[in-house]
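# A closer look at the structure
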Amino acid sequence: MTQYTQPHAAGNHSACIRLVPIFNHLEESSMDRIAGKAHTNHYQKGEFLFRSQEKDDALYIVNRGKVRIYRLSDSGKEQLVRILNPGDFTGEWTLFNPDAVHEEYAEATRDTSVCMIQQHDVQEFLKEYPAISLKLLGEMSQRLESSERQTAQVAVESVITRLVLFLAENVEPEMGNSPTITLPMAKKDIASYLGTTPETISRKFGELEDEGLIQQLSGKRIKIQDLDDLLLYSE
C-alpha cells in the first residue's frame, strides 16, 4: 500500500530538491526553503503515482527508484512516453492548468520514493525565483521536441531506423565513435517507446549484432563498434 509522509524539516528533503535541475541552480538557503514544503510518498513496484483522467495539483520528483510514464491508445495499446530516474520530475502540466486531468499513467517499476510539492507552493516559488520558470520552460520544450520526434519516427521510419537513432541518442559526445552505452530502459520498454513489439525489438537487436554493428553485453550494455557505420545502416 502507498505510504504517505507528512512534511518534515527541510533537511529531510534537501537531497531530493538538489537532484532537480530546475531547483539546484539556486542558493542553498533557497533550496532549503523549497525542501521545507515537500512531502514524501513511497510506492512499491507496480503502484501508480497517478492514473489517466485523475485530477492532481502536485509536482512529483523522483528521489529514489524508477517510474514509467505511458499512455493507452483507444485500443488499449501501451505507448511509453518516458522513464523517470532520480532527479526527474512529472506533473508540471497541472501546475499551469488547475482544472486539467492527467492524460498519462505514472507507474513505479521498483520501490520508489517521490518528493511532492503542491501546486500553490510551486507557484509561489516561481514568482519568487523567476529563474525556476526559465528552467521549467526549457525542460518542457525539450520534452515537446522529444515527443514530436518520437511521433514522427513512428509514423515514417522503419523499426531498424528508430532503433538505430534511439541508440545514437544515448551516445554522449565524449564517448567517441566506438562507445559502450547502457540502455536507459528494458528492451520491452524500448519496444513500447518506439511503437513496436518486444519480439520485433529483439530481432532487430540480433540483426544489428549479426551485421557486426553492435555487441550486446551484460547489464543492458551495448557496445557500438562504429557509430558512423551504425547510422549509415539505418539510411
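Numbering of residues starts from 1 in every chain and runs along the sequence as written. For this predicted model, a pLDDT threshold of at least 70 governs which residues receive local features, and a threshold of 80 or more governs which side-chain atom pairs are given and counted, while totals over whole chains, interfaces and linings are taken from all residues. Only heavy atoms go into the side-chain values, all of them from the structure, while hydrogens and water stay out.

### Things to note about the packing of aromatic side chains
Convention followed: Aromatic contacts are taken between Phe, Tyr and Trp rings whose centres are within 6.5 Å, Trp giving its six-membered ring; a plane angle under 30 degrees counts as stacked, one over 60 as edge-to-face, and the others as tilted. Secondary structure follows DSSP: runs of H or I at least 4 residues long count as helices, runs of E at least 2 residues long count as strands, and numbering of each begins at the N terminus. In this scheme, Lys NZ or Arg CZ marks a charge over a ring once it lies within 6 Å of the ring centre and within 35 degrees of the ring normal.
Evaluated as defined, the whole model comprises five aromatic pairs. Look at Tyr-70 and Tyr-105: their rings are 5.3 Å apart centre to centre, the planes differ by 10 degrees, and that puts the pair in the stacked class. Taken as a pair, Tyr-70 in strand S5 (residues 67-72) and Tyr-105 in strand S8 (residues 105-108) lie far apart in primary sequence, 35 residues in all. Each residue in the set Phe-48, Tyr-70 and Tyr-105 is aromatic and connected to the rest through ring pairs, giving one cluster. Over the ring of Phe-205 we find Lys-187, and its NZ or CZ is 4.6 Å from the ring centre.

### Some points on the UniProt feature "domain: Cyclic nucleotide-binding" (unreviewed entry) in the protein chain
The condition that has to hold: UniProt positions are given in the numbering used here, feature names are shortened, and annotations may be inferred rather than shown by experiment.
Per the UniProt annotation, the sites labelled "domain: Cyclic nucleotide-binding" (unreviewed entry) are residues 22-143. For residues 22-143, the end-to-end C-alpha separation is 14 Å, with 30% helix and 34% strand making up the annotated structure.

### Quick look at the nonpolar core
Note the following rule: Definition used in this section: a nonpolar core is a set of buried Ala, Val, Leu, Ile, Met, Phe, Trp, Tyr and Cys residues joined via side-chain atoms within 4.5 Å. For each residue, the accessible area found with a 1.4 Å probe, counting protein chains only, is set against the maximum for its type, and the residue is called buried under 20%, exposed over 50%, and partly exposed in between. Whether two residues touch is decided by their heavy atoms; if any such pair falls within 4.5 Å, the residues are in contact.
The biggest cluster of nonpolar side chains holds 28 residues, and the ones touching the most others in it are Leu-167, Ile-190, Phe-205, Leu-208, Ile-214, Ile-224 and Leu-230. Counting only elements with at least two residues in this core, the list comes to strand S6 (78-84), helix H6 (159-169), helix H7 (187-193), helix H8 (198-210), strand S12 (221-224) and helix H9 (227-233). Setting aside residues up to four positions removed in sequence, Leu-230 forms contacts with Val-164, Leu-167, Leu-208, Leu-213, Ile-214 and Ile-224. One finds Ala-35, Leu-59, Tyr-129 and Ile-132 within the second-largest nonpolar core, a separate group that totals 22 residues.

### Comments concerning the sheet that holds strand S3 (residues 48-50)
Where we set the bar: Strand pairing is defined by DSSP finding a minimum of two bridges between the two strands. Only the stretch in contact is used when a helix axis is fitted, and all axes are lines through C-alpha atoms; the angle between N-to-C directions ranges over 0 to 180 degrees.
Strand order in this open sheet of four strands is S3-S8-S5-S6, and the pairing throughout is antiparallel. Of all the strands in the sheet, just S3 and S6 have a single pairing partner and so form its edges. The average angle at which neighbouring strand axes cross in this sheet is 30 degrees, direction not considered. Taken together, the four bridges between S5 and S8 define a ladder with antiparallel strand orientation.

### Quick word on H6
Extensive coverage of H6 is indicated by the burial of nine of its 11 residues. Listed in full, the buried residues belonging to H6 are Val-159, Ile-160, Thr-161, Arg-162, Leu-163, Val-164, Phe-166, Leu-167 and Ala-168.

### Section: the side chain of Glu-107
Residue placement: Glu-107 occurs in strand S8. Classification of Glu-107 by relative accessible area gives buried; the value is 17%. Apart from residues no more than four positions distant in its own chain, Glu-107 is found in contact with Gly-46, Glu-47, Phe-48, Lys-66, Val-67, Arg-68 and Tyr-70.

### Observations regarding the domain arrangement of the protein chain
How we decide: For each domain, the first and last residues come from an automatic or database assignment. Buried area is understood as the total, over both parts, of accessible area removed when two parts are fitted together, assessed with a 1.4 Å probe. Any carboxyl oxygen of Asp or Glu that lies within 4 Å of a side-chain nitrogen of Lys or Arg is treated as forming a salt bridge with it. In protein, a polar contact requires one atom able to donate a hydrogen and another able to accept it; more generally it is a pair of N or O atoms within 3.5 Å, and residues adjacent in sequence count only if both atoms are side-chain atoms. As a working rule, the residues Ala, Val, Leu, Ile, Met, Phe, Trp, Tyr, Cys and Pro are called nonpolar, Asp, Glu, Lys and Arg charged, and the rest polar, with Gly in that last group.
For the protein chain, the assigned domains read domain 1 (13-155) and domain 2 (157-233). Taking the mean C-alpha position of each, domain 1 and domain 2 sit 27 Å from one another. Listed by partner, the interface residues are 15 residues for domain 1 and 11 residues for domain 2. Interface area, domain 1 with domain 2, both sides summed: about 1,100 Å², of which 44% is carbon and sulfur. Of the charged contacts in the structure, one is a salt bridge between Arg-68 and Asp-189, with a shortest N-O distance of 3.1 Å. Seen at the junction of domain 1 and domain 2, the total is five residue pairs in polar contact (both at pLDDT 80 or more). A total of seven residues in the side of domain 1 that touches domain 2 trace back to one element, the largest contributor, which is helix H5 (residues 130-156). Residue composition of the side of domain 1 that touches domain 2, grouped by class: six nonpolar, four polar and five charged.

### Observations concerning the sheet that holds strand S10 (residues 180-182)
Strand order across the open sheet formed by three strands is S10-S12-S11, with antiparallel pairing between neighbours. Because the sheet does not close on itself, it has two edges, and the strands there are S10 and strand S11 (214-216). Taken pair by pair, the neighbouring strands of this sheet meet at an average axis angle of 25 degrees, ignoring direction. Alignment of S10 against S12, held across three bridges, turns out to be antiparallel. Pairing of Ile-181 across the sheet is with Ile-222, part of S12. Contacting S11 and S12, H8 crosses the sheet at an angle of about 125 degrees to S11.

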